[in-house]
Structure formats: structure tokens, C-alpha cells
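# Results of the structural survey
Listed below, chain by chain, are the residues.
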Amino acid sequence: MEEHIGLAWLGRKIGWGFTDGQLDEWAGLGAAAVIERLVDPDEHGVPARTDPFADIDRTDEQQARVVATGIVRWIDAAVESPRPLETFMEFFWSDYFAVSGRVVRPRHWLFDYMNLLASHATGNFAELLRAVTIDPSMLRFLDGGTNTKENPNENFGREMLELYSVGVDNFTEDDVKAAARALTGWRVHSRDGAVRLVASRHDNSPQTLLGVEGVHDLDTTMAAVLAHPVTAERVVHKLATAVLGQEYDVDLVADLPTAFAETWELKPVLRRLLELGVAGHAVPSVLEPVAWYVTARKLRMTQAGREQLREFFTLAGQVPMQPPNVGGFPPPDAYLSTSATIARFNLAAHLADQTGRNNSRIDPAALTNDLDLLAQRFGIVDGFRPATQQALENLRPGVDRLAATLASPDLVVV
Amino acid sequence: MTMNRRTFLGLSGGVAASGLFGGLALPRTAAALHSFARQSSGTARTLVVVDLQGGNDALNTFVPQSGLYRDLRPTIALPESDLLTFAGLEYGVHPSLASLQSLWDNGQLAALYGTGLQGQGRSHFVAQDAWRTARPGEPARSGWLGRWLEATEPDEEVPLRAIALGQSTLAAQGEQGRPVAIQSVEGFRLNPPRGNDDVTAAVLAMSDPAGRGVMGEAMAAFPQTVEAVIQLQELVADVDVSDNVDQEIDVDGDQALFQATQAIIQGNVGAQILYVTINGFDTHSGQASQQGALLQLVADGLADLFAALETSGHAENTLALVVSEFGRRAAENGSLGTDHGHGGLSFLVGPPVAQSAIIGEPDLGDLADGDLRITIDARSMYDHALRWLGASDEIIVDVLGQEWKGLQLLRL
């Protein structure tokens, strides 16, 4: 039973919900095997991710529409993802290395950025950091593309130190200037996004960065940042917070940073974190709007339209590919705001209502007739809380009960 | 589908009567709400904080006459011919601030140069936390406005007492509660399937006031939301808001935040704190167009707001405080922008301002690591604004650790 509870947590938190019968399938495999399949899908013949943005017409002059379509496609792919941990991590990195479609032009470059993050999602952090640093969207977003020998721009250098590596108390203003200088000269071709290093714009003079001398280019910058012991600690902490919740027990992962810093391979860290979560060490936290919507979609309900979805994510405060600022999305507690609560309730109502009207693959009455089965379907293995159970029993099975279930607090906390 | 107000209020009465939603005193009927609104109308003061997130460039907002300004900014200095002149002001004014002219002429605009908190650094997040908690260097979980709200609990629960517009804010977060968050008045509605309020009532009934931890917070979210929706829609739905939106300027739809601010004040919903967050001031590149559009959005938003409040008789009791986590580097960078700086620029706007002025003249010949120095502690503005809201010495100490007297820009 305990393993069942652990698997239910794993599916809700990391998998963003269950498709029909998936929890039973997982129970048959056992927790160890499920974690292996999530962490190492290549080893188990799991189909690869396909580019969710592949068939979008990027030439559409209405770039806002292109991005809105991209969000729909990305969510669709998340719902169908054969590799839910990689999807979870792709979204995690889009928050960690936040780049916003409010700034990047053309906005569809964000699709390539998401694909880049996906290709490194559970791979190697050192390679990911290097790739992100010279990605065209990032070079645009944090001005790396206009950072030159003549006129250094500190934007990327500062955020790399503060947000991507050593953190705020572990670098000086001189380190910011050194990082900026060492990363001068990268240029983005505005038509096709091709990136190259222009020697005449690059300052190759040796800098001292985080105590490391002779830093003068991309590789030496990466080496200096990765050599600092706090970098691994901070990345592990961010990962543990995302997987285990904000107030997780830090002693449980105390040994991880040292091993991580030797290879920067993410899989061993993720494997360990998933094992801890399945063993009951996760702390309850608020499910973010993207995860909540994907969870709902896995009931095979009618999906929200492009504008509906955009409005939902905007009100809820988490528009994929459009974090509010360089720090990424707000912490999960923010999604209990009145605005986010309205967003969830109204979308729950809309989804249930549409599912009741259209030629839906599911019948709301059949789905919600047995509340125990319905709770199981969401991976709430102990059943709904008594107050929720009572409130749902007071509604007839069907659209109303489905809407109330989706809007229940039981679904928002995992 | 929009909520039918009458049926919704009917539902609320039913829910309260059936005891499904105990523990909260609710002014349940439209009559009670309007009576509440009348009581609060004309007497309650409202502080509107506008947070220019990202770090607004002070030197290109009110431009000092010093020749050093043009030396430091060979390409992004605003051309002399573009600058506006406000009567009696020794600074050039960014052309996008034209709509502030009448506020200035009416003696309702005070600007403070060199605002900040010592030790706030040059990180957005550390500086924002310092400004919002007013406890620099401490891991505070509450904001200065949140602590003030909790230190001055009203007799009757007022769900819309503190409202965050745009995104929630640590500044208005207390040790226990968080502000109501509103994106737009139009979108602040609950739309159950086919308008069936039974669904709303069912979700309300899922909340257990005795709940603890994250689940307790999740359960509390819906009742708080319902309460806020009822009051806001009942009191604000009929308020006409100025509709002066320039789509080119307002790319993020932020004008709606100023419209909501106006509607909330004119609706007399009992809001004492409105906190408007505007993103996008982190202008490391292409600063001219970005900052220009944002400044115009804010200036037009404030000018329209106070014009409307003047007409409705609310202006005397409304004060706007415009803040930003830091100013930007005095010298430009090579990307037609500016990097993170230190001392910033804040404004106080509205009839409570005693007279128009700019204080704290920046010294471009005496920079701190290339940045304007912090010469006015943000907490002295907070002290000033909280006293205007009626805070006693004791409450000021409670909220800000000590008194921060000194500014005399407001009629208290």
C-alpha cells in the first residue's frame, strides 16, 4: 500500500496526472521499475519526444497567435508525453533559465528554445548551461548578443552568476564585469537565429572570475562557474525543491552536490529525488497551473481553445514560455491567489460544460458516478477529503460534479 | 457566460444560512454592501503603490541639468529639444510624461531622487525583497504593507482591504494573509457551468476553516475568492472607467490595472492598499522605446486615475506612491541601454502632496561604483505614507522597526 501511495504521488507530482489505467500499470511494474523508465526511457524503448511545434506556421505575421498556438501544442504534447519526467524537467528549465516571449523577437524562437531545453532535460547540466548561454533566444533576452568588447553589457553575466550558478551572496560586482567581458562577441543573426563568435567584438583579455584567473571565453567562463562549490549545491536545491516541495528535509540530499559536481549528470540526482519522494519524503505543495491543466486533460475531456487557454494561464499567473521576469515563475504558493483560484474554477467549469455538450470521448456522468473511482483516476488513493466527498455527493453525477471535482482543493495540493 | 449578480448574492445568503460556510462574517445583501460602501465613502484613505519592476532609469525620467549627464550617455541621453519643461522645475522631463504636467502644475507631484535601502545590492530580487519587506538583509516573509494591515485590523472583516493588481506582491503579504489579486474587473467573476451556483456552493463547502498547512491554505483560497468576487462585482460593476488605451503602448494590457484601480476606489469597496505591478523596466538594451512606452503607460494611467477621482470626489483621499527597486547605471552600456544601478527615483502623486517638488538632487560627480548613491531611505517614504494612512508612532515602529521621520512632502 505504501508503494501504491508513493506511485500515486509520483504520477501526480512528476507525471502531471494519470491516463486511464496508468496507476494500475505502474503498480504492476513496481516503484523501482517505474522510476527507471522515467529516468532512463532510452534504455526501455520508450518512444522519443517529438517536436510539438513542428507544424506551426511561423510565417504568420500575428506573432501573438503563433505563440498562443505554440502553447496549445506544447500542452497537447505534455498530455501525451511518453516521457513525463523529461516534460517535467523541460518545463523546470524553462523556469530556471527563464526567457520570455515578451522580449524575444521573433517570438517563435522560443519554440527552438523549448526544444533545446528538452534535448538536455535530464542530461548534463554543464552542457545545458553552455548551450543556453549561446542560445539565440537567451542572447536576445539577456542582451548577450549586444555584449561587446567596446561596450560590455552586464545583463547575462549577472543573471548567470545570481540565478544560474553561485547565487547572490557568492559573487562581487567585479565578477559580474569579468563574466560579461569573457562572454563578449557572441552575435545572433536576426533572420535565422544563427549564432557565431565575432573575434573583433570579443574581449580576449584574461579576467579573474570567482577567484579563477585567466578566464577569457565561453569555455573558461563555464569552467570557473562550475568549479565553484556552491553551484552544485544550488542546482540540487532547486531540483529538490521542485520535486520534493519547498520545505523538504535538506539533510536527505546533503551528499548529492559533491557527486553531482563530478559529472553534472542529472539522472543520478533525479533518480534519488524520485526515490525519496516515492518513499514519502515529499512535502505537500501547490500544483502549478500548467500541471493542474495537464492533469485535468488526462481525463480525456474536451480541451480548451487557444484564447481560453491563454486567458487561463494569464489569470493564473503562469503563461508557458512567458515568465514574468528573468527570475522565472513565482513560487507555487502564488497560485492560491484569488486570480488563480478564479482561473481554475472558470476553466474547470468550461471544460466540464464543453465535455457535456460535445461529442466527447467521455461521458461526465459515467466518469463521476463513482467518487472513489474518480479519486483513484486522479491518483488520490485515499479518496477525497470528507468535506469534498460530501460536497460532491450533493451534486448529481455529470457536468456539475465534474466541474466541482476539478475545482476542488484536493486537486491543487500534491 | 457572465455571473448573474442577483443569483450569486442569493446563493451567498443561502450558503451562509445553511451554515456551509461558517466562521466568516459576511455582509450578505446588496443593501448591506451599499450601506457599507456609503460608510467608507469619503472617509477612508487609499494608498496606491505603483511598482515599476525591473529598475526604472531615474536619469532618463527626470533629467538633471548637469553636463556630466550627456558625457555619461553619449547615445541614450534624451535630446534637449525633446525634453519637457515643467514650471519651476530645474530638470528636463521625459517626453512620455506629458500627462503628468497638470498634476505638477496643481502641486500634486513630488519626486524623490536617490531612494533605496542600504545594502540592497544590484540584484533585482534582493533589492525587490528589501523594498517590499522593508527589512533588508533579513529573510522576512511579510511585507511592510502586510504588517501594517495586520497591525490595524478593522472591526469588520473587509476582504478587499488590500488588493494586488497584476501580480501578487510580498509587500502586501502579512504573516497570515495575502492580498486579493486582481488582473481586471471584467475577468474577476466566477462562471459555473450554465450559471449553476450549486457548483460554486459545493466548492465552497469543501473548505474547512480548521484546515492547516498547505491544504489549509488551498481550502481558504476559494472562500476568500468568493467573498472578494461578490463585493467587487456588486460595488464596482457599474463604475465607468476611463478607456483611453493605446494598444501600441499597452502591450501587456496593463492599462486595465489602472482602470481596475479607479473602479475599486470609486466603488468604495473598503480598499486601503492597492498595489499595481508593472513589468518591463529592466532596460539593458533598446531602452528608449521600452522605457518611453512604459513611462507613458504609467503617466497616463495616473493622470486618468486622478482626473476621474477628482470628478467623483475620491482624489483628496487617494495617494499614489511610485517605486522601483533601483535606478540604473549612470553611464550607458553599449546596447543602447543601462545596467543595474543603485539609488533610484520614487514619486508621490495626488492631492495629499503638499507641493510639487523634486528632492534629493543627484550628484553625477560623486557616484558609487558608477551609480547614483542612495540618499533617501525608502522607509522614510513608507513612514510618511503610513502616517498619512493614520499610523501611530507605535504602529510605525511595529511595521518598520523604528520611526523614519524626516520627509515633509504630504499633508497628513
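Attention in this report is confined to the structure presented alongside it. (Residues numbered from 1 in each chain as written. Chains lettered and ligands numbered in written order. Predicted model: local features only at pLDDT ≥ 70, side-chain atom pairs only at ≥ 80, totals over all residues. Heavy atoms only, no water.)

### Focus: the overall build of chain B
- For chain B, the count of helices and strands is 12 helices and 11 strands.
- Taken over 412 residues, chain B has a buried fraction of 61%.
- At a minimum sequence separation of 6, the contacts of chain B that also span at least 24 residues come to 75%.
- As displayed, chain B offers around 15,200 Å² of accessible surface, 47% of which is attributable to carbon and sulfur atoms. (Helix = DSSP H or I, 4+ residues; strand = E, 2+ residues; numbered from the N terminus. Buried < 20%, exposed > 50% of the residue type's maximum accessible area, 1.4 Å probe, protein only. Contact = heavy atoms within 4.5 Å. Areas by Shrake-Rupley, 256 points an atom, 1.4 Å probe, with all protein chains shown as cover.)

### So, the layout of surface pockets
Residue and element names in this part refer to chain A.
- The volume enclosed by the second largest pocket comes to roughly 540 Å³.
- For the second largest pocket, the lining is made up of 25 residues, of which Ile5, Trp9, Arg12, Asp382 and Val414 are closest to its centre.
- Secondary-structure elements contributing two or more residues to the lining of the second largest pocket are helix H1 (2–13) and helix H14 (266–281).
- Per-element accounting of the lining of the second largest pocket gives the leading share, seven residues, to H1.
- Of the residues that constitute the lining of the second largest pocket, the class distribution is 14 nonpolar, five polar and six charged. (1 Å grid on protein atoms, 1.4 Å probe; cavity = no way out; pocket = protein on both sides within 12 Å on 5 of 7 lines; lining within 4 Å. Points joined across faces, edges and corners; volume = space filled by probe spheres on them. Nonpolar A, V, L, I, M, F, W, Y, C, P; charged D, E, K, R; others polar.)

### Some points on the pairing of strand S8 (residues 318–323) of chain B
Residue and element names in this part refer to chain B.
- Among the six residues of S8, six are classified as buried, and the element is accordingly described as predominantly covered.
- Residues Thr318, Ala320 and Val322 of S8 are buried on one face, and the alternating residues Leu319, Leu321 and Val323, pointing to the opposite face, are buried as well.
- Both strand S1 (residues 46–52) and S8 contribute to a ladder of six bridges, which runs parallel. Bridge assignment links Val50 to a residue of S8, and that residue is Val322.
- Where S8 and strand S9 (residues 344–349) come together, three bridges link them in antiparallel fashion. Among the inter-strand pairings, Ala320 is bridged to a residue of S9, identified as Val349. (Pairing = 2+ DSSP bridges.)

### A word on the side chain of A:Thr184
All names here are of chain A.
- Within the secondary structure, Thr184 sits in the loop between helix H10 (173–182) and strand S1 (186–188).
- From its side chain, Thr184 meets the backbone nitrogen of Asp203 in a polar contact 2.8 Å long.
- Every residue in contact with Thr184, bar those within four places of it in the chain, is listed here: Asn147, Thr148, Lys149, Leu197, Arg201, His202 and Asp203. (Polar contact = N/O pair within 3.5 Å; in protein donor to acceptor, adjacent residues only side chain to side chain.)

### A word on the pattern of salt bridges
- Applying the stated rule across the entire model yields 36 salt bridges over all chains.
- B:Arg194 is the salt-bridge partner of A:Asp353, the closest N and O atoms lying 3.7 Å from each other. Taken together, the residues span two chains, with A:Asp353 in helix H17 (residues 338–357) and B:Arg194 in the loop between strand S6 (180–182) and helix H7 (197–205).
- The closest approach of N and O atoms between B:Glu80 and B:Arg70, which form a salt bridge, is 3.4 Å. Remark: B:Arg70 occurs in helix H3 (residues 68–72) and B:Glu80 occurs in the loop between H3 and strand S3 (92–93); sequence separation between them is 10 residues.
- Assessed through its relative accessible area of 57%, B:Glu80 is described here as exposed.
- Judged by relative accessible area, B:Arg70 falls into the partly exposed class, the value being 31%.
- Salt bridges sharing common partners tie together A:Glu154, A:Arg158, A:Glu173, A:Lys177, B:Arg122, B:Arg329 and B:Asp371. (Salt bridge = Lys/Arg side-chain N within 4 Å of Asp/Glu carboxyl O.)

### Considerations on unusual backbone geometry
Residue and element names in this part refer to chain A.
- For the bond running from Arg105 to Pro106, omega is -10°, close enough to zero to count as cis.
- Residue position: Pro106 is located in the loop between helix H5 (84–96) and helix H6 (109–119).
- Its identity as a non-glycine residue notwithstanding, Asp143 has a phi of 65°, on the positive side.
- Turning to its location among the elements, Asp143 is positioned in the loop between helix H8 (136–141) and helix H9 (155–164).
- Even without being glycine, Leu210 reaches a positive phi, approximately 55°.
- Tracing the chain through its elements places Leu210 in the loop between strand S3 (207–209) and strand S4 (212–215).
- Note on Leu210: relative accessible area 15%, which makes it buried.

### Remarks on the interface of chain A and chain B
- The interface is formed by 52 residues belonging to chain A together with 49 residues belonging to chain B.
- Interface of chain A and chain B: buried area, both sides summed, is about 4,200 Å²; carbon and sulfur atoms make up 61% of it.
- Counting every contact that joins chain A to chain B gives three salt bridges.
- For A:Glu154, the salt bridge identified is with B:Arg329, shortest N-O distance 3.0 Å. (Buried area = accessible area lost by both parts, 1.4 Å probe.)

### Observations regarding the nonpolar core
- Among the nonpolar cores identified, the biggest contains 224 residues, and A:Leu10, A:Trp93, A:Phe97, A:Phe125, A:Tyr164 and B:Phe62 are the most heavily contacted of them.
- The next biggest cluster of nonpolar side chains, apart from the first, holds 39 residues, and it includes B:Val49, B:Val323, B:Leu348 and B:Tyr382. (Core = buried A, V, L, I, M, F, W, Y, C linked by side-chain atoms within 4.5 Å.)

### So, the environment of A:Lys238
Residue and element names in this part refer to chain A.
- The topology assignment puts Lys238 in helix H12 (residues 229–244).
- On the basis of relative accessibility, which here comes to 33%, the residue Lys238 falls in the partly exposed class.
- With 68 residues separating them along the chain, Lys238 and Asn170 place their C-alpha atoms 17 Å apart.
- Setting aside residues up to four positions removed in sequence, Lys238 forms contacts with Phe92 and Tyr96.

### A word on empty space enclosed by the protein
- Applying the stated rule across the entire model yields eight cavities of 30 Å³ or more.
- Its boundaries defined by the atoms lining it, the second largest cavity holds a volume of some 110 Å³.
- For the lining of the second largest cavity, the secondary-structure elements that each account for two or more residues are H17 and helix H22 (409–412) of chain A together with helix H8 (213–236) of chain B.
- Looking at the lining of the second largest cavity residue by residue, the class counts come to nine nonpolar, two polar and one charged.

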